[in-house]
Amino acid sequence: MAIKQALFIFAQIVFLTSVLCSNAPKSHRKMGFSFKKVPMESHTSKRKTIQGVDLRHEARKFTLNLQHLSNSEMGLSTIQDAFDSLKYSAKNIDKEEYLDQLTSHIQQKLQIYLDAVSKNKKMVEYLYNEHLKKPITKSLDCCMLNHTVIRYDSQYNLTISRDLTCDLAPSFLPQTYFNPGRNLTQTFYKNVQHEPKLKWQYFISSDGLHNEYPAHDFGSTPWHRSCPILYDTRNRDLYISTVTPQRKHVVILVDHGYSLTYKQLHLAKSIAQHILASLSQNDRVSVLGISNYVQYLDKAKCLIDQLVPVTLEAKHYFSQFIDSLTKQQEAANHTLAFTRAFELIESSLALNLSLHDEAMIIYISRGLLSSLTEAPNVLDTISLHNAAMAHRVIISSYAVIEEGRPILYEKSFLEALAEQNFAKHHVPVRHSNPVKRGHFLAVNSSNILSLTAGMFYKSFNMSTASNKTHFSLPYIDPNGQGLIMSITQACFHDNDVLGIVGVDIPVADLVQDVTYFEQDISAYAFIIDAQGYAVMHPSFTRPSLLAFQPMHTDIILLENNPGFQDIKKQMLRDRSGARPLLIIHNDTVRTMAHVVYSWQSLGDSPHIVCIKWTNQNERIREIKSTKVKRKENIVYHRIDVMFKSSHCKHIKQLASAESPVLFLAATAFVQPFDYLSQVETKRMIQAYVAYLSDGTGYIANPGLQEGIRNDVAALGIIDNKWVELAKNSEMKDYIVRRYIATPSGVMKTYPGGPVNKAFDPTSRPWYVRAMRFKGHVTITSPYLDIAGAGFIVSISRTINEGKSSKQHSWNDRPVAVMGIDVRVEFMYKLLLDSMPVCRHTHIRCFILDNEGYLIAHPTILGLQSGKHIERAHITIKETLVSNDILRHTHFVQKRMCNSYSDRKIQRYYFFNTSLEGTLSNLLFGFYCSPYQITSIPGTNLFLGIINQTCQAKAFCPCNNNDRSCFSCKMSPDCECPCECKLDIDLCTGGLMCKEDRNEGCRRTTKPPVLMPLSKTVTELVKDKQCFQIDCQSFKTRESCFGVVGCEWCHMDSNRSNLDDPHCDDQRKCYGGIYGSKTPYNDDPIIVSIVKAPDDSEMSAQSTPVGPVAGGIMGCFLLLALGVYCYRHRVHQNTHHYVCGETNVRIATLENDLDDLDPEQTGHTNNIVLATFDQPISPYRMNANYHRPGGGESDHGYSTMTPHDDSEQASTCIEPILIKENKLFSYTITPILPPPPRVSSRRARSPSPPLKPLAVTNEQLNMVPGQTVVPESDPNKVLAHVTVHAY
């Protein structure tokens, strides 16, 4: 055997050497270029077939099977004939009119919000004049609100009062300070009455007062315990950017030398965080740590030489840097600190041509000097450097003090710095321009920081503040309601700034016309601001669905085409215009597309609306008014609201078996945001149905888009066909559901039921793929069905616009996408029926899609392993084949796209669906694993076959813990689809590497969510299934494959083979194992496995067992009680950490690690199992999982998710993981690394919480879910690697 293996390895090496030394073109050995059509005959025609199988012939057979399935089970020919019989009218596409209408709609919305800000501003200025006559000072502290006057409001996701305005005010304000809050309530209230979608309204005074409407106490936010100091954070950066809109260059110097106590150092860091939070993206900043040397943030080399844009990333990293500063053993070198600060400002101003930019150095220190001569030396350094910049630099200083410590001389020194009082220390003034004095403030508490930032920035040129409206970039609403944008204006009295007024608006409402722009005209829209940042783009997640702060992205990164840079410059320069652009695509073939960008500015707003036209056709065809005779009324999907006794359950979902249900997406409505924000009532549903069923034209439109009624009528033609198929089709037991959707957002489903209204059918993979491969039968990768069918795939196909000739081509305009769902086992059943050779022991057949995900493969069936795998990839299941096909560069490419919503680079594969001929081994696997792959014509699929005759190993690394790539440097080597961090260049605010300028990823969407049912409805349909399937009537395992609600049961709960395998209810034996849980966390139906008893068992049954059983039970209870008391007493003295937001608790890990193994101790480490409403996949990696010995692979199961099986519902990782490698410390990190936190505006206080300085910022923001490795070396990663062997 050893000789045989040695000969095999030698033969492989010889062959590999010969290939690599050949004169093959280099294009076959590199990545990232267009596919080339290379004749396959050179690789395949001379090779022998596998088991005599003509794979091309089998692929054509499979195409016919799929086409028959789509025609017969979807009813595709029926609906296409119906569309062909409809009458159409031509509609001209007027690009200018489309743009004018889009801009006008957004401008109307924006004007409502601008009017609200203007009214608030006028009222504040009026009230201040009244205040001068009679002081207006009445206050209502937000932190002292009576809980009887506030109640929960879903719009704000907080307990609020719409009748009150409350205050966040510093305690040191004088008694006669101006507080207009009570008198603004009526104005605020009227604004909301006029525009209910308005969120927060506020006034922030220059003295630090903050009036907020509606009144609330932050009881539902993480700041509940910090409410008294919230005036330090509430919209402070908005105040600064509104009253000083010019760009500010700020250097923050933080003294952390030995002269500071730990309390003073903590206070200094709080001040620095506060100032950092007050800056906006237009500003430039640097933060330096000062002791006997200067400490820089080490994230980029440029931080040593220049100031950087105040991006979210910059705030995040500077915030971490401030938190990391520790007390040093040497005194601060003040001279060195100012020398480096001036050098940074000099280089920053040299890069900026604007004369209006101003600069400031903020020094936070105790001010202790090492000698009496140090003060003159410091001031002399300031005089020298500031003179070189014509005294443009302002210096402000904080003195961090502590009760009982003398500060007289230190205070005098820091005051002299702020005033730049050179005469006091006999330092010459070296420039004729007057010195701009800064401010000095002594601080002994972080609770008085609200006044400081506003006071310091008063040193800047306040004349730049004007009546101009300021718009913030979109930021995440910390209360979980998507993105919001702030609109502010400054208030004045005799040219003195009183403060600012502002409103927060939902971005989803402002940009809804862009978000749901008409898809049927081959165009899309986006909005940018005056700096070129994208506010909304099709690549972005819809604003109302965002959970993390998205990256502020330059439009040049999203429209990543040569030549767009010039178009962007013209957009920012000209208020309106249009420019054509030629775009070259290097996909499977080189193609060219002519597009046109047309744009228009939004009035007084700094925003620009743009439409990208990808279709040059000037006319489209629309369905004329259609009247369809129907026997039944339209059934709207909210059958839980319109409940009838005939309704039933389709597996787990409430459904209607009488007729397909109608779903209208937000796109179908004139005001999508209003539709999504409202709760659907019975009256609203009746209005929809009445209008859509109306044949007279007299019933008023309830807010639907023009043409929706025609689409609904056209789709209604399929209703009776689907009902008949569900009853009488030969495939009725294998079809989960049928559906059809139009670009306008109209969808019919049978059987269907209520789903969440945020569901968008046009963004689902089955719709997107069908539109991409028009005229093809497309199939998605496996995913978990929400209604309880298990893992399914969707088969879909486009419907073309009607033609009287009924002659259609691939370039016809699609008017709908039709689909069916089947279980993943069904696809393997089709494969076995089509290719009986796949049943042979050494033969593996598979089907994969155009991204490499397996649709059918023996290892993704529960029959073989007891588990399904969601989105299994060929690189996980067939590593030898994967390594070889990557050498066929005309067939497969590695690609990357940027996801700006979560700051990730997604790395994926793209397979050439234009493959001609049959592909086979090029470099690897000739002797052990010869394979063949060919495309399945007319689909997005490929058919493959492998003849495994001996064991051969190949490597295709996959990260067991998450989707992170092992190396973020692109290489042609095999690896699983993965993701890397999208690094931002702190120096420019753009991407770190030019290589990262990839196309934007497709917008991520959430699958449909079932609507929660009332207890009454749940009870009424509890045991009432719409379709009864007798699983036991399927006598063979292949006939049981893919039957809805059935599984082929072949193992008992101990994983032993059953003597009598059979087809049974899925809930009894999910994955073929009796007693196993489903992915929906259902309790399995426990069934006793009865075997034929032998004689001894028969005699044992006659023995009386009652007394014996009772005695055993009593002993067991006593023993259990004793163990419980002992455990309870022991754990009373044990510290616990709270894990996540559940009640799960984990004991400290200071004890012997061996004692933590639940398999040895027999207990669960005090883990309290939580209840989960969402489905939990049973194929998550169990923490107790150990890879088999002998080097065997776990076949990829551990690569799918980093979490537990569904059999353990705890969200915490098991302590046993630490036992295997003591380099793993039990720290907690976010499951999905979140983007940088918003460092102001309701996000968090910039003042660090009072905590030990040794605790890092990352540790405070950990969430449960993963074990991570200490970052001892940023260039090294310690992670599990799965090595797959075949």
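Data block above holds the structure.
Report follows, based on the coordinates. As the structure is a computational prediction, the values presented were derived from the model and not from experiment. (Residues numbered from 1 in each chain as written. Predicted model: local features only at pLDDT ≥ 70, side-chain atom pairs only at ≥ 80, totals over all residues. Heavy atoms only, no water.)

### So, a negative patch on the surface
A cluster of acidic residues, Asp94, Glu96, Glu97 and Asp100, forms a negative patch at the surface. Structurally, Asp100 can be placed in helix α5 (residues 95-133). (Patch = residues over 30% accessible without salt bridge, like charges linked within 9 Å, V, L, I, M, F, W, Y side chains within 5 Å. Areas by Shrake-Rupley, 256 points an atom, 1.4 Å probe, with all protein chains shown as cover. Salt bridge = Lys/Arg side-chain N within 4 Å of Asp/Glu carboxyl O. Lys, Arg positive; Asp, Glu negative; His and termini not counted. Charge placed at Lys NZ, Arg CZ, Asp CG, Glu CD. Helix = DSSP H or I, 4+ residues; strand = E, 2+ residues; numbered from the N terminus.)

### As for empty space enclosed by the protein
On inspection of all chains with the given rule, the structure shows twelve cavities of 30 Å³ or more. Of the volumes computed, that of the largest cavity is approximately 310 Å³. Residue lining of the largest cavity: 21 residues in total, with Arg737, Met747, Phe759, Ile786 and Pro1008 positioned closest to the centre. Elements with a contribution of two residues or more to the lining of the largest cavity: β28 (661-664), β29 (735-741), β30 (746-750) and β32 (783-784). Considering only residue class, the lining of the largest cavity consists of twelve nonpolar, five polar and four charged. (1 Å grid on protein atoms, 1.4 Å probe; cavity = no way out; pocket = protein on both sides within 12 Å on 5 of 7 lines; lining within 4 Å. Points joined across faces, edges and corners; volume = space filled by probe spheres on them. Nonpolar A, V, L, I, M, F, W, Y, C, P; charged D, E, K, R; others polar.)

### Considering the sheet that holds strand β37 (residues 892-899)
For sheets, the rule is that strands pair by backbone hydrogen bonds, running either parallel or antiparallel. With mixed pairing, the four strands of this open sheet are ordered in space as β42-β38-β37-β43. A single partner strand is all that each edge strand has here, and the edge strands are β42 (978-981) and β43 (999-1000). Looking at chain direction, β37 and β43 are connected through two bridges and run parallel. Each bridged residue has a counterpart across the sheet, and for Asn898 the counterpart in β43 is Gly1000. (Pairing = 2+ DSSP bridges.)

### Comments concerning the environment of Tyr128
Its place among the elements puts Tyr128 in helix α5. When the C-alpha positions of Tyr128 and Asn179 are compared, they lie 8.9 Å apart, and in sequence the two are 51 residues distant.

### Quick word on the pattern of salt bridges
Going through the model one piece at a time under the given rule, you end up with 42 salt bridges. As a salt-bridge pair, Lys612 and Glu559 come within 3.3 Å of each other at their nearest N and O atoms. Residue Lys612 is located in strand β23 (residues 607-613), and its partner Glu559 is located in the loop between α16 (555-558) and α17 (564-573); the two are separated by 53 residues in the primary sequence. Like Lys612, the residue Glu559 is buried in the burial classification. Three or more residues joined by partner-sharing salt bridges are found here, namely Glu195, Lys197, Asp509 and Asp674. (Buried < 20%, exposed > 50% of the residue type's maximum accessible area, 1.4 Å probe, protein only.)

### A closer look at the sheet that holds strand β40 (residues 931-935)
Taken in spatial order, the five strands make up an open sheet running β36-β35-β41-β40-β39, and their pairing is antiparallel. Edge strands, defined here as strands with exactly one partner in the open sheet, are β36 (854-856) and β39 (918-920). Strand-to-strand twist of the sheet, defined as the mean angle between neighbouring strand axes without regard to direction, takes the value 30°. Sheet analysis places strand β35 (residues 843-849) next to strand β41 (residues 941-947), joined by seven bridges and oriented antiparallel. Note that in β41 the partner of Leu848 across the bridge is Phe942. (Axes fitted to C-alpha atoms, helices over the stretch in contact; angles between N-to-C directions.)

### A few points about the side chain of His873
In this fold, His873 is placed in the loop between α24 (862-865) and α25 (874-877). Under the relative-accessibility criterion, His873 is labelled buried at 1%. Within the structure, His873 has its side chain in polar contact with the backbone oxygen of Glu851 (distance 2.9 Å). (Polar contact = N/O pair within 3.5 Å; in protein donor to acceptor, adjacent residues only side chain to side chain.)

### Considering the packing of helix α3 (residues 55-74) against helix α23 (residues 824-834)
Each pair of packed helices can be described by the angle between their axes along with the distance between the axes. Their axes nearest at 10 Å, the elements α3 and α23 cross at an angle of 130°. Relative to α23, α3 is oriented oblique. In the crossing of α3 with α23, the sense of the turn from one axis to the other is right-handed. Residues Glu58, Lys61, Phe62, Asn65, Leu66 and Leu69 of α3 lie in contact with α23, whose contacting residues are Phe826, Met827, Leu830, Leu831 and Ser834. The residue makeup of the contact of α3 with α23, split by class, is seven nonpolar, two polar and two charged. (Parallel < 35°, antiparallel > 145°, perpendicular 65-115°, else oblique. Left-handed = near helix turned anticlockwise from the far one by under 90°. Contact = heavy atoms within 4.5 Å.)

### Section: the pairing of strand β8 (residues 248-255)
Of all eight residues making up β8, eight are buried, and the element is well covered by its neighbours. Burial of β8 is two-sided: the residues Lys248, Val250, Ile252 and Val254 facing one way and the residues His249, Val251, Leu253 and Asp255 facing the other way are all buried. Relative to strand β12 (residues 358-365), β8 is paired through seven bridges, and the arrangement is parallel. Bridging from a neighbouring strand, Lys248 pairs with Glu358 of β12. As paired strands, β8 and strand β9 (residues 284-290) are joined by seven bridges and run parallel to one another. Bridge pairing links Ile252 to Val287 in β9. Remark: the β8/helix α8 (residues 262-277)/β9 crossover connection has right-handed handedness. (Right-handed = clockwise from strand over helix to strand, strands pointing away.)

### Considerations on helix α9 (residues 312-324)
Compared with the 18 Å implied by 1.5 Å per residue over 13 residues, the 18 Å span of α9 between its first and last C-alpha is a close match. Burial runs high along α9: twelve of the 13 residues are buried. (Expected span 1.5 Å × (residues − 1).)

### With respect to the nonpolar core
Counting 80 residues, the largest nonpolar core has Phe83, Leu664, Met827, Leu831 and Met835 as the members making the most contacts within it. If we ignore the near neighbours within four places in the chain, the residues touching Leu831 are Phe62, Cys838, Cys845, Phe846, Ile847, Ala856 and Leu943. (Core = buried A, V, L, I, M, F, W, Y, C linked by side-chain atoms within 4.5 Å.)

### Digging into the packing of aromatic side chains
Inspection of every chain in the model, using the stated rule, returns 21 aromatic pairs. Each ring, one from Trp766 and one from Tyr767, has its centre 6.0 Å from the other, and the planes form 75°; the classification is edge-to-face. The same class applies to Trp766 and to Tyr767, which are both buried. An aromatic cluster of three or more residues is present, and its members are Tyr636, Phe669, Tyr675 and Tyr688. Across the ring face of Trp613, the terminal group of Lys95 is positioned such that the distance to the ring centre comes to 5.3 Å. Of note, Arg895 hangs over the ring of Phe910, and the distance from its end group to the ring centre comes to 4.2 Å. (Phe/Tyr/Trp six-rings, centres within 6.5 Å; stacked < 30°, edge-to-face > 60°. Lys NZ or Arg CZ within 6 Å of the ring centre and 35° of its normal.)

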